[in-house]
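# Overview (structure and organization)
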Amino acid sequence: MSVSGILHSTNSVKVARKLLILQLLTFVLLSAVFGFKSLEWTTSALMGGLAAWVPNVLFMLFAWRHQAQTTVSGRVAWSFAIGEALKVLVTVILMVIALGLFKAAFTPLGLAYLSVLMTQIVAPAVINSYRT
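Scoring rules and cut-offs
- All residue numbers refer to position in the chain's written sequence, counted from 1.
- Selection of residues for local features in this predicted model requires a pLDDT of at least 70, selection of side-chain atom pairs for listing and counting requires 80 or more, and totals for whole chains, interfaces and linings are taken over all residues.
- The side-chain quantities take in all heavy atoms of the structure and omit both hydrogens and water.
- UniProt positions are given in the numbering used here, feature names are shortened, and annotations may be inferred rather than shown by experiment.
- In this description a helix means any DSSP run of H or I spanning at least four residues, a strand means any run of E spanning at least two, and both kinds are numbered starting from the N terminus.
- Each nonpolar core is a collection of buried residues, namely Ala, Val, Leu, Ile, Met, Phe, Trp, Tyr and Cys, held together in the definition by side-chain atoms within 4.5 Å.
- Partly exposed residues are those whose accessible area sits between 20% and 50% of the maximum for their type, while under 20% is buried and over 50% is exposed, using a 1.4 Å probe and protein chains only.
- The contact definition used throughout considers only heavy atoms, calling two residues in contact when any of these lie within 4.5 Å.
- Centres within 6.5 Å are what make two rings of Phe, Tyr or Trp a pair, Trp counting through its six-membered ring; a difference in plane orientation under 30 degrees is then read as stacked, over 60 as edge-to-face, and the rest as tilted.
- For a Lys NZ or an Arg CZ to count as sitting over a ring, it must be within 6 Å of the ring centre and within 35 degrees of the ring normal.

According to UniProt, the feature "transmembrane region" (unreviewed entry) maps to residues 45-64, 76-102 and 108-127 in the numbering used here. Helix makes up 100% of residues 45-64 and strand 0%, with an end-to-end C-alpha separation of 28 Å. Secondary structure over residues 108-127 splits into 100% helix and 0% strand, and the C-alpha atoms at its two ends are 27 Å apart.

Moving on, we come to the nonpolar core. Ala-16, Leu-20, Phe-27, Phe-34, Ala-45, Ala-52, Trp-53, Phe-59, Met-60, Ala-63, Ala-112 and Val-116 together form the largest nonpolar core, which totals 12 residues. The greatest single-element share of this core, amounting to 6 residues, is contributed by helix α2 (residues 39-67). Among all residues touching Trp-53, those that are not within four sequence positions of it are Leu-20, Gln-23, Leu-24, Phe-27 and Val-116. Core analysis: the second largest hydrophobic core is formed by 6 residues, Met-47, Ala-51, Met-95 and Ala-98 among them.

What follows deals with unusual backbone geometry. In this structure, Lys-103 takes a positive phi of about 55 degrees despite not being glycine. Relative to the helices and strands, Lys-103 resides in the loop between α3 (73-101) and α4 (106-131).

This part takes up the packing of aromatic side chains. Any two aromatic rings considered together are summarised by their centre-to-centre distance and by the angle between their planes. Going through the model one piece at a time under the given rule, you end up with 3 aromatic pairs. Ring plane angle 70 degrees and centroid distance 5.5 Å describe the contact between Phe-34 and Trp-41, whose orientation is recorded as edge-to-face. Ring plane angle 85 degrees and centroid distance 5.9 Å describe the contact between Phe-59 and Phe-80, whose orientation is recorded as edge-to-face. Of this pair, Phe-59 sits in helix α2 while Phe-80 sits in helix α3, placing them 21 residues apart in sequence. The positively charged end of Lys-37 is found above the aromatic ring belonging to Trp-41, 5.2 Å away from the centroid. Above the plane of the ring of Phe-59 lies Lys-87, whose end atom (NZ or CZ) is 5.5 Å from the centre.

Here it is as structure tokens:
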């Protein structure tokens, strides 16, 4: 289940907030571990984590803003599609900035990015198992 998929649960705001915090902790801790290698790897991991986390935060803010405004299903679908498109666009922009402008090391950037994505997949199942 993705970040967007938890919007329809009963405690969606609480679960989404927990998920975003877990994602943040994941790439910050991973960046700290990469600090033993070099400062370049630390900053590259931070940029990779941010490239995955910031779009999720922006999507959640967009979704929470549009969630209570209307119950028309077509409008909800369009707001979801627009939110996902913006999420992809922001991810691409942040990756281009990290790799092109800052010349980030690919390995820590990619590992941090993937760790946030894995947290996004695994954490909702863990959070939901503790709620029941």
